[in-house]
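# Chain and residue survey
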Amino acid sequence: MGRFRTGMRMSRIPIRTLVLGLGTFAVGTDAYVVAGFLPAMARSLEVSESTAGQSATVFAVAYAVLSPVLATFTARVPRRALLTAALAVLALANLGSALAPNYPVLMVTRVLAAAGAAAFTPNAGAVAAAMAAPQQRARALAVVVGGLTVATALGVPLGNLADRALSWRAALGLVAALCAVCAAGVLAVLPGLPGSPSVPLRARLDALRHPGVVAVLPLTLLGIMASYGLYAYAVPLLHELGATPASEMWLLFLYGVGAFVTNLVAGRAADRYGPVRVLAVGYTALTLTLGAFTLAAGTGPHVLPAAALLMAAWGASTWFQTPAQQLRLITAAPQETAVVVGLNGSVLYLGIALGTALGGLLLPVGAPVALGVSAVLAAGCLLYLAATRRVGERAPESPVSQRVRE
């Protein structure tokens, strides 16, 4: 009986890993929550919805730029101190956003929030893996990454709910409180872990000279521009489909459900069928989904089942990309796994920034135009994939594939 109880305790997820997972949930919520209350924020700050949406652009650009820089300059900082400080910065930044008297102040606080997110997210996964036993590292990483995945599903609808029940400022205040709680939790439960040797920024960027990396990364940029660029404007787009304030939250939640399910199966599918096949199916689905969304937005309000189907398909056809692209990059440059995965993350956020900026420019012209351009970009992803299909493709269940899944 004693051995049985010990085994049960060993199989449980350590509280310190759960705290890190809650931290990544807070970070993900901070990144996605703005889309849930964009119209209310725009009215309050006396700017257009397209202008307010650029706060997501600024966050994404800052994250993309600061991630490798902060990784270089904070490498030797003890991990507990670094993660606690990063979450404290996030809490202060979100409090500043909640209290922002005008649009310029809001933009400054979003840059500060991006700095905290860029310092926390990559290191949280590394710390979780370092603390876990070798046979439990995959589980620990799944919990930490799962925080971001759950935030994808719940962050925007929760923000929309908080905005309708309270206000957009209160919603950001709640995110600030969550970040503060996570910071206290990290400080309380994490052991003292030293930093790591610093990898010069130039060495990180040297991976961009690798032909395979150069061939794969543009698809990450183009794919995220096509799929995610308009998500900051999801609420205005839902109005084009006849959604009511009462149905917005559930429609946004369906997007998250589609994203969550696809994120779970995409890695296994890439292992079994190869990343290029998964990407080809995904980009075809994305093109069709955005094309259908374009037609629906151009023909007036529709019944809610159609809007629900489109939102679930949009989420599903957006978040299939990352596991397959990471697998292609690791296969192309197996000796530089950590660096190329980090670069892929920066390019992903750059794609969010460029897509959101483009959406902000096109949305005033008309939702069908903005959606139609996104559909064209998605079709362009298929063409680019066809041109680079031999890069980063490996046989199913290769050792590299196993490492990605673990």
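Coordinates for the structure precede this section.
The structure presented is a predicted model; accordingly, all values stated were derived computationally and were not measured. (Residues numbered from 1 in each chain as written. Predicted model: local features only at pLDDT ≥ 70, side-chain atom pairs only at ≥ 80, totals over all residues. Heavy atoms only, no water.)

## Some remarks on the overall build of the chain
A count of helical and extended segments in the chain gives 19 helices and zero strands. For the chain, buried positions account for 51% of its 406 residues. Taking all contacts inside the chain whose residues are at least 6 apart in sequence as the whole, residues at least 24 apart take part in 87%. Carbon and sulfur atoms make up 71% of the accessible area of the chain, which amounts to about 17100 Å² in all. (Helix = DSSP H or I, 4+ residues; strand = E, 2+ residues; numbered from the N terminus. Buried < 20%, exposed > 50% of the residue type's maximum accessible area, 1.4 Å probe, protein only. Contact = heavy atoms within 4.5 Å. Areas by Shrake-Rupley, 256 points an atom, 1.4 Å probe, with all protein chains shown as cover.)

## Structural notes on the environment of Glu46
If you trace the backbone, Glu46 turns up in the loop between helix H3 (38–45) and helix H4 (49–52). Expressed as a C-alpha distance, the spacing of Glu46 and Asn102, which sit 56 residues apart in the sequence, is 8.3 Å.

## Section: unusual backbone geometry
Positive phi values are uncommon outside glycine, yet Glu46 reaches one of about 60°. With relative accessibility at 75%, the residue Glu46 sits in the exposed group.

## Let's talk about the packing of aromatic side chains
Summed over all chains, the structure comprises ten aromatic pairs. Centroid distance Tyr63 to Tyr349: 3.9 Å. Interplanar angle 20°. Geometry classified as stacked. With a gap of 286 residues between them, Tyr63 in helix H5 (residues 54–73) and Tyr349 in helix H17 (residues 337–362) connect regions that are remote in the sequence. Like Tyr63, the residue Tyr349 is buried in the burial classification. Judged by centre distance (5.6 Å) and plane angle (75°), the rings of Tyr228 and Trp319 are edge-to-face. Of the two residues, Tyr228 is situated in helix H11 (residues 211–228) and Trp319 in the loop between helix H15 (304–316) and helix H16 (321–332); the sequence distance between them amounts to 91 residues. Across the pair, exposure class does not vary: Tyr228 and Trp319 are buried alike. Taken together, the ring pairs in this structure connect Tyr228, Tyr231, Tyr255, Phe293, Trp314 and Trp319 into an aromatic cluster. (Phe/Tyr/Trp six-rings, centres within 6.5 Å; stacked < 30°, edge-to-face > 60°.)

## Observations concerning the pattern of salt bridges
If you walk through the whole model with that rule in mind, you get one salt bridge. When the shortest N-O distance is used, the salt bridge between Arg110 and Asp30 registers 3.0 Å. Placement of the pair is Arg110 in helix H7 (residues 103–131) and Asp30 in helix H2 (residues 15–32), with a sequence separation of 80 residues. According to the relative accessible area criterion, Arg110 is buried, its value standing at 3%. Residue Asp30 is classed as buried on the basis of its relative accessible area, which comes to 0%. (Salt bridge = Lys/Arg side-chain N within 4 Å of Asp/Glu carboxyl O.)

## Topic: the side chain of Asn344
Relative to the helices and strands, Asn344 resides in helix H17. Within the structure, the side chain of Asn344 is placed 2.7 Å from the side chain of Thr220, a separation counted as a polar contact. Setting aside residues no more than four positions away along its own chain, Asn344 makes contact with Leu217, Thr220, Thr322, Gln325, Gln326 and Leu329. (Polar contact = N/O pair within 3.5 Å; in protein donor to acceptor, adjacent residues only side chain to side chain.)

## Brief notes about helix H13 (residues 245–273)
A rise of 1.5 Å per residue sets the reference length of H13, with its 29 residues, at 42 Å; its end C-alpha atoms lie 41 Å apart and thus fit the reference within 8%. Following H13 by one or two positions, Gly274 has its phi on the positive side, about 95°. (Expected span 1.5 Å × (residues − 1).)

## Comments concerning the packing of H13 against H15
Each pair of packed helices can be summarised by the angle the axes make with each other and by the distance between the axes. At a closest axis distance of 6 Å, the pairing of H13 and H15 adopts a crossing angle of 35°. Relative to H15, H13 is oriented so that their crossing is right-handed. Residues Ser247, Leu251, Leu252, Leu254, Tyr255, Gly258, Ala259 and Thr262 of H13 lie in contact with H15, whose contacting residues are Leu304, Ala307, Ala308, Met311, Ala312, Trp314, Gly315 and Ala316. Its residues assigned to classes, the contact of H13 with H15 shows twelve nonpolar, four polar and no charged. (Axes fitted to C-alpha atoms, helices over the stretch in contact; angles between N-to-C directions. Left-handed = near helix turned anticlockwise from the far one by under 90°. Nonpolar A, V, L, I, M, F, W, Y, C, P; charged D, E, K, R; others polar.)

## Quick notes on the packing of H11 against H16
Taken N-terminus to C-terminus, the directions of H11 and H16 make an angle of 170°; their axes are 9 Å apart at the nearest point. In terms of orientation, H11 and H16 fall into the roughly antiparallel class. The segment H11 lies against H16, with Gly212, Val213, Val216, Leu217, Leu219, Thr220, Gly223, Ile224 and Ser227 engaging Gln321, Gln325, Arg328, Leu329 and Ala332. For the contact of H11 with H16, the class distribution of residues is seven nonpolar, six polar and one charged. (Parallel < 35°, antiparallel > 145°, perpendicular 65-115°, else oblique.)

## Remarks on the side chain of Asn123
Counting through the fold element by element, Asn123 comes out in helix H7. On the accessibility criterion, Asn123 (15% relative accessible area) is buried. A distance of 2.7 Å separates polar atoms of two side chains, one belonging to Asn123 and the other to Arg79. Each residue touching Asn123, except ones within four places of it in the same chain, is listed here: Arg79, Leu82 and Leu83.

## Structural notes on the nonpolar core
Leu20, Met41 and Trp314 are the most contacted members of the largest nonpolar core, which totals 108 residues. Ranked by residue count, the leading element in this core is H7, at 13 residues. Both of domain 1 (13–196) and domain 2 (199–391) provide at least three residues apiece to this core. Among residues more than four places away in sequence, those in contact with Met41 are Val34, Ala52, Ser55, Leu106 and Trp168. Ranked by size, the runner-up nonpolar core spans nine residues in total, among them Val213, Leu329, Leu343 and Val347. (Core = buried A, V, L, I, M, F, W, Y, C linked by side-chain atoms within 4.5 Å. Domains from an automatic or database assignment.)

## A short note on the environment of Pro191
Considering the arrangement of structural elements, one finds Pro191 in the loop between helix H9 (168–189) and helix H10 (201–206). The spacing of Pro191 and Arg80 is 111 residues in sequence and 7.0 Å in space, taken between C-alpha atoms. Pro191 has contacts with Arg16, Arg80 and Met131, leaving out every residue within four places of it along the chain.

## Brief notes about a nonpolar patch on the surface
Taken together, the side chains of Val150, Trp250, Phe253, Val257, Phe260, Val261, Leu264 and Val265 present a nonpolar region at the surface, about 680 Å² in accessible area. It is H13 that provides the largest number of residues to the nonpolar patch, a total of seven residues. Its location among the elements puts Trp250 in helix H13. (Patch = residues over 30% accessible without salt bridge, like charges linked within 9 Å, V, L, I, M, F, W, Y side chains within 5 Å.)

Geometric values such as these leave the question of function open.
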